[in-house]
Amino acid sequence: MTGRTDTGPLFAQLASAAAPAVVDAIAALVRDGSDRELCRVNALAFATARDLPQDAVIAGFLHAARLGLFEMTWGLLCPGCGGVLNSGSTLRTVDRARYSCALCAGHYEPTLDEMVEVTFTVAPAVRGIEAHAPDTLPLPRYLRQVLWGSGMDLPDEAGIARVLDEIVLTAAELPAGAQGVLELALPAEFVILFDPVSHAAQFIDVQGAPTAETREVVFVLEQGEALNPTLQLPPGPLRVRVDNRTATRTLPSAWVAGDLLHEVLGRRRPFLTAKRLLSNQTFRDLYRNDTLDIDQRLKITSLTFLFTDLKGSTELYERVGDLVAYDVVRAHFRILQEIIASESGAIVKTIGDAVMATFPTPGQGLAAALRMRDALQELDRDMLLKIGLHEGPCLAVVLNDQQDYFGQTVNIAARVQQLAASRAIFVTEPVLSDATATALLQASGIAPEAREQALRGVRHAVRVYEIP
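So, how was this worked out
- Residues numbered from 1 in each chain as written.
- Predicted model: local features only at pLDDT ≥ 70, side-chain atom pairs only at ≥ 80, totals over all residues.
- Heavy atoms only, no water.
- Buried < 20%, exposed > 50% of the residue type's maximum accessible area, 1.4 Å probe, protein only.
- Helix = DSSP H or I, 4+ residues; strand = E, 2+ residues; numbered from the N terminus.
- Pairing = 2+ DSSP bridges.
- Phe/Tyr/Trp six-rings, centres within 6.5 Å; stacked < 30°, edge-to-face > 60°.
- Expected span 1.5 Å × (residues − 1).
- Arc of directions from axis to C-beta.
- 1 Å grid on protein atoms, 1.4 Å probe; cavity = no way out; pocket = protein on both sides within 12 Å on 5 of 7 lines; lining within 4 Å.
- Points joined across faces, edges and corners; volume = space filled by probe spheres on them.
- Nonpolar A, V, L, I, M, F, W, Y, C, P; charged D, E, K, R; others polar.
- Axes fitted to C-alpha atoms, helices over the stretch in contact; angles between N-to-C directions.
- Contact = heavy atoms within 4.5 Å.

**Describing the pairing of strand 18 (residues 402-406)**
Piece 1. Counting buried positions along strand 18 gives four out of five residues, so the element sits mostly inside the fold.
Piece 2. The hairpin formed by strand 17 (residues 384-399) and strand 18 contains two residues between the paired strands, and Asn 400 there has a positive phi angle of roughly 55 degrees.

**Focus: the packing of aromatic side chains**
Aromatic rings in a pair are described by how distant their centres are and how their planes are angled relative to each other.
Piece 1. What the rule picks out here adds up to nine aromatic pairs.
Piece 2. Here Phe 61 and Phe 120 contribute two aromatic rings whose centre-to-centre distance is 5.2 Å and whose plane-to-plane angle is 25 degrees, an arrangement assigned as stacked. One end of the pair, Phe 61, is in helix 4 (residues 54-67); the other, Phe 120, is in strand 5 (residues 116-122), and 59 residues separate them in sequence.
Piece 3. A relative accessible area of 0% places Phe 120 in the buried class.
Piece 4. Where Phe 305 meets Tyr 405, the ring centres are 5.5 Å apart and the plane angle is 80 degrees; that geometry is what we call edge-to-face. Within this pair, whereas Phe 305 is found in strand 14 (residues 298-311), its partner Tyr 405 is found in strand 18, the two being separated by 100 residues in sequence. For the pair shown, Phe 305 and Tyr 405 are each scored as buried.
Piece 5. Feature note: the residues Phe 46, Phe 61, Phe 70 and Phe 120 constitute an aromatic cluster, connected by ring pairs.

**Quick notes on helix 11 (residues 322-342)**
Piece 1. With 21 residues, helix 11 extends 30 Å from end C-alpha to end C-alpha; this agrees with the ideal 30 Å at 1.5 Å per step.
Piece 2. Turning to helix 11, its buried residues number three or more, namely Ala 325, Val 328, Val 329, Ala 331, His 332, Ile 335, Leu 336, Ile 339 and Ile 340. Here the buried residues of helix 11 occupy an arc of 165 degrees about the axis, which is enough to place them on one side. Opposite its buried face, helix 11 presents the exposed residues Asp 322, Leu 323 and Glu 338, each directed more than 90 degrees away.

**Points about the layout of surface pockets**
Piece 1. Here the largest pocket is characterised by a volume of approximately 740 Å³.
Piece 2. The wall of the largest pocket is formed by 32 residues, among which Arg 40, Thr 73, Val 84, Ser 87 and Val 146 lie closest to the centre.
Piece 3. Listing elements by their share of the lining of the largest pocket, those giving two or more residues are strand 1 (70-77), strand 2 (84-88) and helix 5 (139-147).
Piece 4. Of the residues that constitute the lining of the largest pocket, the class distribution is 14 nonpolar, 13 polar and five charged.

**Describing empty space enclosed by the protein**
Piece 1. Within the structure shown, the criterion is met by two cavities of 30 Å³ or more.
Piece 2. Counted as a void, the largest cavity has a volume near 50 Å³.
Piece 3. Along its surface, the largest cavity is lined by Arg 373, Leu 376, Gln 377, Met 383, Leu 384, Leu 385 and Arg 423.
Piece 4. Sorting the residues of the lining of the largest cavity by element identifies helix 12 (362-379) and strand 17 as the ones contributing at least two each.
Piece 5. No other element matches the three residues that helix 12 contributes to the lining of the largest cavity.
Piece 6. The residue makeup of the lining of the largest cavity, split by class, is four nonpolar, one polar and two charged.
Piece 7. Computed from the structure, the second largest cavity encloses a volume of approximately 30 Å³.

**Details of the sheet that holds strand 8 (residues 190-195)**
Piece 1. The mixed open sheet is built from five strands, whose spatial order is 6-13-8-9-11. With one partner strand each, in any of the chains shown, strand 6 (168-171) and strand 11 (231-233) form the two edges of the open sheet. Strand-to-strand twist of the sheet, defined as the mean angle between neighbouring strand axes without regard to direction, takes the value 20 degrees.
Piece 2. Here strand 9 (residues 200-206) runs beside strand 11; their pairing, made up of three bridges, is parallel. Directly across from Ile 204, in strand 11, lies its bridge partner Leu 231.
Piece 3. In this fold helix 6 (residues 157-167) packs onto strand 6 and strand 13 (253-256), with an angle of close to 90 degrees to the strand it touches most, strand 6.

**Details of the sheet that holds strand 1**
Piece 1. Pairing in this open sheet of three strands is antiparallel, and the strands run 2-1-5 from one edge to the other. Each having just a single partner strand, strand 2 and strand 5 make up the two edges of the open sheet. For this sheet, the mean angle separating the axes of adjacent strands, direction not counted, is 30 degrees.

As structure tokens, then:
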């Protein structure tokens, strides 16, 4: 492997922490991958292309980032165009209540579900790639490696060049603080003046009778998200005076905002979201205190919460003695953590014999609950694991110096768990509204029993389902 440091010891450490097939795949990527492949790696696409388990790949890249082989980046995405509006090494950089995208003329409140991606770029000390110096990238490569997020399903380099030949009317490269001119003939289509570096944009609605007179507009590039009023101009020659007021090189260009552009922007693929990563056990173990600032409150529109509590542990101490009971309770925690992690979940915290865990989807949470119930029966038939699940919106916050969650969804999940007094699992209607959860119960031949239930601290009765 090429680079400024010997990566052998680092990969030896990685081999002790991650799955062997994943370590081999990451090592091959660092050794043989193109510059593009080593920039903003989409962990889910990486796993799919190599037929590897997603959670194992995510864990592998997390350990690789912790060891310094890769740099982990959190990117705030525009849901409209898929562009990266803001990025940083932690979620702390997502520090504003609203973000705007000049290319889409949209304003967005950040959520962790689909608007924050997590990617991995090879560290400069391991192998230098062109994306480490983004100011040197020409427009096509800048768009692929810097502007657009890893959820964009883009053509290869030759393909994106062909697309840009049709979309981009003209382009330039301006040093920091420089001025320049774009000359073009406006077609009878909607045109956007756009700079992917500063994210500045100017819409031009081209309509009316063509003219031979050269029109002039001024396009100011400033670091910010100001949305300029749309200009109306006739088809014909246009001179754009570009003023780069930023401290970096810029790439101003004129784009035809037609069907081809919308087709390119509409092609998406799954990517690693902040929501999924925050519910990943490996991430919580490695980055427990290095995610959010104490004052941050980031929204998640949908997260599944599972609460458990061990009933009968006091009687267990009486029945088998302190030493044996202690080992049994510890085994219970170990079993729960293994099951939760295997269903793409993570333990948020434990309180006494109780566990609070999160899952990206209700189906994963319910699958874990059913497996937990069976596993605890095998461990000790006299112990009862009380389980409750609920799904809904929440806030990701910092409590007691660690990443936690806050909101009524959390409260309801905890209250639902308290209803359990037998081996039955209690879940709410949003959980059973999930198609995967419903299919899981049908495949198991389980018929949930519904009832309206008053919950402490909740104004209205909640429909809950008892899963026998």
